[in-house]
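Each chain is listed here by its residues.
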Amino acid sequence: MPPSIDIVQHESQFDLNEQTSQQEINHVVKSLTRTHSINHASTALIGKAMTSHIAHINHDDCDAGDEDSFFVCDLGEVINSYNLWKELLPQITPHYAVKCNTNVEVIRLLAKLGTGFDCASKSEIDTILGLGISPSRIIYANPCKTNSFIRHANEKHVNFTTVDNCQELYKIQKHHEKCGILIRIATDDEDAQCRLSTKFGCTVSEAVNSLLPLAKELGLRVKGVAFHVGSGAKDFTSIFKAVRDSRVIFDKGIELGFEMDLLDIGGGFERETFRESSKVVNESLRQFFPAEFQSTHNLRIIAEPGRFMVSNAFTLGCHIIARRDVKQDGIEAMIYINDGVYGNMNCILFDHQHPKAYVLSHANKFYYHEEIENETVEGKHQFSIWGPTCDGLDCVSNSTELSKNVQVGDWLFFPNLGAYTSAASTGFNGLGSSAKTIYVNSAQ
Ligand SMILES: Cc1ncc(COP(=O)(O)O)c(C=O)c1O
């Protein structure tokens, strides 16, 4: 049995074990805090960069594509995320999930700051190695891998991976026998923005009764456990449960003679709720992987944050290319912009995001600062917003209130579009799949 936990930082102590009620767990999680605020240094720079980029674009005579959508990336926000991580989870080394945003400047910056990298494929591994980053900083964190990619990882000395089924253990034995293996367990991720445990992760019982004994028989190197509580996790009790489950597998692994010294707590974190989620991480580690256990087993703890590092760092600017007046269901007009669900706002379909539109310019006047600083301004004009392709699915918003009666030639901006946006953008309809990025750094 795993050890029980007592939450001493809170007024009432209680035990979390297999039988602990959801109500008790919720009580602890809810008692933790939540913070959110505007970063004025950042918005000042982003506003300036956006305004100067569009100031010289005249849609009546510009070259084709001059008015394409574009990103402004504030690298300072990536630094802020990293610093916040170090402040609240100093003992856990983040391995940035490259899939979240493959922007090379962001990767370079994170490498300089000292993160590792979670790669999902050969191409992501090559991106990291191509930047001169050591393979020892990579975890190949895809539980179901292509054989040739496993061999590639072996050749390139990428020596850690995650596994959640027995077939994968046979593949590892054949193609990368010495690879350090983390058993990826399923989590309770029902409330997450994007579930992952519907596809990946074994049960504790499968790990203990099938994977660990088979790995032993095959002479493999099991090093620990990995989990992911779902991207955009909302219920942090799942972290508690996953850390608890991890300890069960650690105990069995140690009993079988494996050198269990690596715990990977995955991703799922968001800046807005990080004070809350990191407290749950710390509490659960304190309970299930106490200091004594950590030093006895030389335990290293890593994580795979994606969204946390980049979401706030990117703002998308889009041009209004067409407008159709409709007057129905409270909508004044359908407006068509030059980015959408096949481009950088694929996150609407794939990541369940709801990008929020603001007016960047209207009738040659700029409104970035006014809009971002004064979120409570009552909008007066209701629009539906559509992407540039010929597909009816390409809808950015069925109904959005904007503060101005925007027209063709005006610009909109969408903050917080760093995570799962450009990474999955397509060139559908012959429209460009990669947007220009302008960099600023509010941390300098
Ligand atoms: C294995 C793995 N690690 C890390 C991440 C990053 O998750 P997040 O962006 O929620 O932190 C993902 C996202 O899909 C993932 O699949």
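Residues numbered from 1 in each chain as written. Predicted model: local features only at pLDDT ≥ 70, side-chain atom pairs only at ≥ 80, totals over all residues. Heavy atoms only, no water.

Side note on the overall build of the protein chain
Move 1: Each helix and strand counted, the protein chain has 14 helices and 17 strands in total.
Move 2: Against the globule reference of 22 Å for 444 residues, the protein chain gives a C-alpha radius of gyration of 24 Å, in line with a compact fold.
Move 3: Here the C-alpha coordinates of the protein chain stretch approximately 70 × 55 × 45 Å along the principal axes.
Move 4: Per element, the accessible surface of the protein chain, about 19100 Å² overall, is 48% carbon and sulfur. (Helix = DSSP H or I, 4+ residues; strand = E, 2+ residues; numbered from the N terminus. Rg over C-alpha atoms; globule rule 2.2 N^0.38 Å. Areas by Shrake-Rupley, 256 points an atom, 1.4 Å probe, with all protein chains shown as cover.)

Digging into the side chain of His 152
Move 1: Take His 152: it is sitting in helix α6 (residues 147-155).
Move 2: Once residues lying within four places of it in the same chain are set aside, the contact partners of His 152 are Lys 122, Ile 125 and Asp 126. (Contact = heavy atoms within 4.5 Å.)

Digging into the site of the ligand
Move 1: Near the ligand, the surroundings consist of 16 residues, among which Ser 231, Glu 304, Gly 306, Arg 307 and Tyr 420 are the closest.
Move 2: Here an oxygen atom of the ligand sits 2.9 Å away from a polar atom, N or O, in the main chain of Gly 268.
Move 3: The separation between an oxygen atom of the ligand and a polar side-chain atom of Tyr 420 is 2.5 Å.
Move 4: Calculation on the ligand without its partners gives an accessible area of 390 Å², and the protein chains cover 93% of this total.
Move 5: Of the residues belonging to the shell around the ligand, the class tally is 5 nonpolar, 6 polar and 5 charged. (Near = heavy atom within 4 Å. Polar contact = N/O pair within 3.5 Å; in protein donor to acceptor, adjacent residues only side chain to side chain. Nonpolar A, V, L, I, M, F, W, Y, C, P; charged D, E, K, R; others polar.)

Quick word on the confidence of the model for the protein chain
Move 1: Confidence in the prediction of the protein chain, expressed as mean pLDDT, is 91, and 91% of residues score 70 or more.
Move 2: Across residues 1-36 the pLDDT falls below 50, and counting only partners more than four positions away or on other chains, this stretch makes 68 contacts in the model. (pLDDT = per-residue confidence, 0-100.)

Here we look at helix α9 (residues 237-255)
Move 1: The terminal C-alpha atoms of α9 lie 28 Å apart, and with 19 residues this matches the ideal 27 Å at 1.5 Å per residue to within 8%.
Move 2: Taken across its 19 residues, α9 has 14 buried, putting it largely inside the fold.
Move 3: Immediately beyond the C-terminal end of α9, within one or two residues, lies Gly 257, with a positive phi of roughly 95°. (Expected span 1.5 Å × (residues − 1). Buried < 20%, exposed > 50% of the residue type's maximum accessible area, 1.4 Å probe, protein only.)

Re the nonpolar core
Move 1: Residues Phe 117, Leu 263, Leu 412 and Phe 414 are the most contacted members of the largest nonpolar core, which totals 100 residues.
Move 2: Mapping this core onto the domain boundaries places at least three of its residues in each of domain 1 (40-72 + 311-440) and domain 2 (76-310).
Move 3: With residues up to four places along the chain from it excluded, the contact list for Phe 414 reads Phe 314, Thr 315, Leu 316, Cys 318, Ile 337, Met 345, Pro 355, Lys 356, Ala 357 and Val 396.
Move 4: Counting 15 residues, the second largest nonpolar core, distinct from the first, contains Ala 49, Met 50, Val 72 and Trp 411. (Core = buried A, V, L, I, M, F, W, Y, C linked by side-chain atoms within 4.5 Å. Domains from an automatic or database assignment.)

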